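Structural description and commentary
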Amino acid sequence: MNEYNFAFLDEQSKRMIRRAILKAVAIPGYQVPFGSREMPLSYGWGTGGVQVTASVIGPADVFKVIDQGADDTTNAVSIRQFFARTTGVRTTERTDEATLIQTRHRIPETPLSADQILVLQVPIPEPLRWLEPRETETRLMHALEEYGAMWVRLYEDITRSGHVETAYDYPVVVNGRYLMRPSPIPKFDNPKLDRSPALLLFGAGREKRIYAVPPHTPVRSLDFEDHPFTVETWAQPCALCGATGVFLDEIVVDDKGGRMFVCSDTDFCGRRREASAGGPAR
Amino acid sequence: MSVADADRPLLGVRGLTHDYGGRVGCLDIGFDLWPGEVLGVVGESGSGKTTLLGCLSGRLVPAAGIVEFLTREGPVVDVLRLSETERRRLARTDWGMVHQNPRDGLRMNVTAGANVGERLMAVGARHYGQIRAAALEWLGHVEIATDRVDDLPDTFSGGMQQRLQIARNLVTRPQLVLMDEPTGGLDVSVQARLLDLLRSLVAELGLSAIVVTHDLAVTRLLTHRLLVLRRGEVVESGLTDQVLDDPQHAYTQLLVSSVLHP
């Protein structure tokens, strides 16, 4: 492990990224540009998250990586191994043990605490991107808080299908000011952003942006007064652990149309099954 | 029309000058626009009509001049010296802008209802039902069948698109509407219908408007007063009928005598 600097990035790059993070924390929801580095990882696999993690990780941290709720997918395993090798920190799959969690597409079901940092990987940070292609114009729209176009989109969704069609990366307003993309988490996780006790950091490597939601910051999902924001619900509990009120994945189990719904958060599901010995076996 | 009892102009323009790197766009233009008044700006292509409108709306930054606007809240503001935030707020509440090509003024990829509701949402309306009700009401005002509210503007005829653009502007009940060739590119019967509609809306809502056009017939029907522009300068101004029936300046005489009569 000694061929690399601690956490792979050189100290100057880490300082630069920390400065961007500090600014992002100071202006909740504001996208801070930063000099994104080449990482030994393809764009789209979490280069932004990896750089943020590399800049904030310390020797005493306990590190966890989530990919779509799971700890055992290729992406999660690779990133966990990468930091285990380049920092020597202890890694875990348990949400409550971790002090630093890098995640893609989910926020853990286990509530986060004030001594934890969650790093989210962001593909496209600009919430106005599909409405306005010019970066100069979207920056101006943020500066002037001109978010009418986003409401037009919600209006269109309701007009066409009776409800807002966006199911993931559902736009939020942070601290009553900046419109923000919460990264491609399901809208089910949006309420967990609101006044989270943990620091939430967002890194977009290709787009070279960092933004943050500081602890206890109000985060509001966009909605209309007569069409309030709602999250997904499922008719049945998790087939493995019996949990309700959690985000479930649909898994096809045979080629005869059989399917089951199980927790997307593998750590949460596994520990529930451990705790209740009488629960259904895998 | 309450022109007589208004005690101060809605819009006061003084010494407005804009140039395109040595070429004159408009030169030392001044006029007053009173509440409820419709001012026509005529002149041939390249005479500075659109430049003047651009300077008024803040799209262009003129080299010199003052544009004073009497806001609804009371104070008179110099539009050219407002911050970008204030100018944009003014532009989507108290002002309207009707473009010649409706594609410039509409969002073509969202429904008619969303087009009309956009300004309301931009100024803070957050009740879907109310926004939709306002959209339906304004579609009615501009004589678009309310069952077209969920259709894309692409499926509308040219005249309907132009009327939709007008509805989209009027939904916040602006005091001043700037129109750049509102009837350009429409056939004559559709033009007539649009002019009729504009005339009744202006009268009903007590709107003030500046209508830029090269079509003298439009000014005759729609406007109370006329500015004749040539090479960026006002060569003649006065009551519309007076200017058109008894033109004084040689250029105005040329313009009036150039109109074809079938």
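Here, residues in each chain are numbered from 1, in the same order as that chain's written sequence. Lettering of chains starts at A and numbering of ligands starts at 1, both following the order in which they are written. Restriction of local features to residues with pLDDT of at least 70 applies here, the model being predicted, together with a cutoff of 80 or more for giving and counting side-chain atom pairs; totals for whole chains, interfaces and linings are based on all residues. The side-chain quantities take in all heavy atoms of the structure and omit both hydrogens and water.

1. Points about empty space enclosed by the protein
Residue and element names in this part refer to chain B.
- Only protein atoms enter the calculation, which uses a 1 Å grid: trapped sets of points that fit a 1.4 Å probe without letting it out are cavities, open sets showing protein on both sides within 12 Å along at least five of seven lines are pockets, and any residue with an atom within 4 Å of a point is a lining residue. Grid points are joined across faces, edges and corners, and a volume is the space filled by probe spheres set on the points. According to the stated counting rule, one finds one cavity of 30 Å³ or more in the structure shown.
- Put simply, the largest cavity is a space of about 50 Å³.
- Around the largest cavity sit Val 98, Ile 166, Asn 169, Leu 170, Val 177, Met 179, Leu 198, Leu 201, Val 202 and Leu 207, which together line it.
- By the criteria applied, helices consist of DSSP H or I runs no shorter than four residues and strands consist of E runs no shorter than two, each listed in order from the N terminus. Contributing elements (two or more residues each) for the lining of the largest cavity: α6 (158-170), β7 (176-180) and α7 (188-205).
- Broken down by class, the residue content of the lining of the largest cavity amounts to nine nonpolar, one polar and no charged. All residues other than Ala, Val, Leu, Ile, Met, Phe, Trp, Tyr, Cys, Pro, Asp, Glu, Lys and Arg, Gly among them, are scored as polar; the first ten of these are nonpolar and the last four charged.

2. Topic: the sheet that holds strand β4 (residues 100-104) of chain A
Residues and elements named next belong to chain A.
- Any two strands between which DSSP finds at least two bridges are classified as paired. Within the open sheet, the seven strands sit side by side as β1-β9-β8-β5-β4-β2-β3. Their pairing is mixed. Strands at the two margins of the open sheet, each flanked by one partner only, are β1 (32-33) and β3 (90-91).
- Examined bridge by bridge, strand β2 (residues 62-67) and β4 share five bridges and lie parallel to one another. What sits directly across from Asp 67, in β4, is Arg 104.
- Contacts are assigned to residue pairs with any non-hydrogen atoms lying within 4.5 Å of each other. Angular values range over 0 to 180 degrees, each being the angle between N-to-C directions of two axes fitted as lines to C-alpha atoms, with helices fitted over their stretch in contact. Along the sheet face, helix α3 (residues 74-87) touches β2, β3, β4 and β5 (117-121) and points at about 160 degrees away from the line of β2.

3. Quick notes on the pairing of strand β3 (residues 38-42) of chain B
All names here are of chain B.
- The cut-offs for exposure are 20% and 50% of the maximum accessible area for each residue type, with area from a 1.4 Å probe on protein chains only; residues under the lower value are buried, those over the upper are exposed, and the others partly exposed. Within β3, five of the five residues are buried, which leaves it mostly tucked inside the rest of the structure.
- Here β3 shows a buried face lined by Val 38, Gly 40 and Val 42 and a second buried face lined by Leu 39 and Val 41.
- Two strands pair when backbone bridges link them, and β3 and strand β8 (residues 208-212) are joined in this way by four bridges, in the parallel orientation. The residue of β8 that forms the bridge with Gly 40 is Val 211.
- Across four bridges, the pairing between β3 and strand β9 (residues 225-230) is parallel. The partner of Val 42 across the bridge, within β9, is Val 228.

All quantities given are derived from atomic positions and should not be read as evidence of function.
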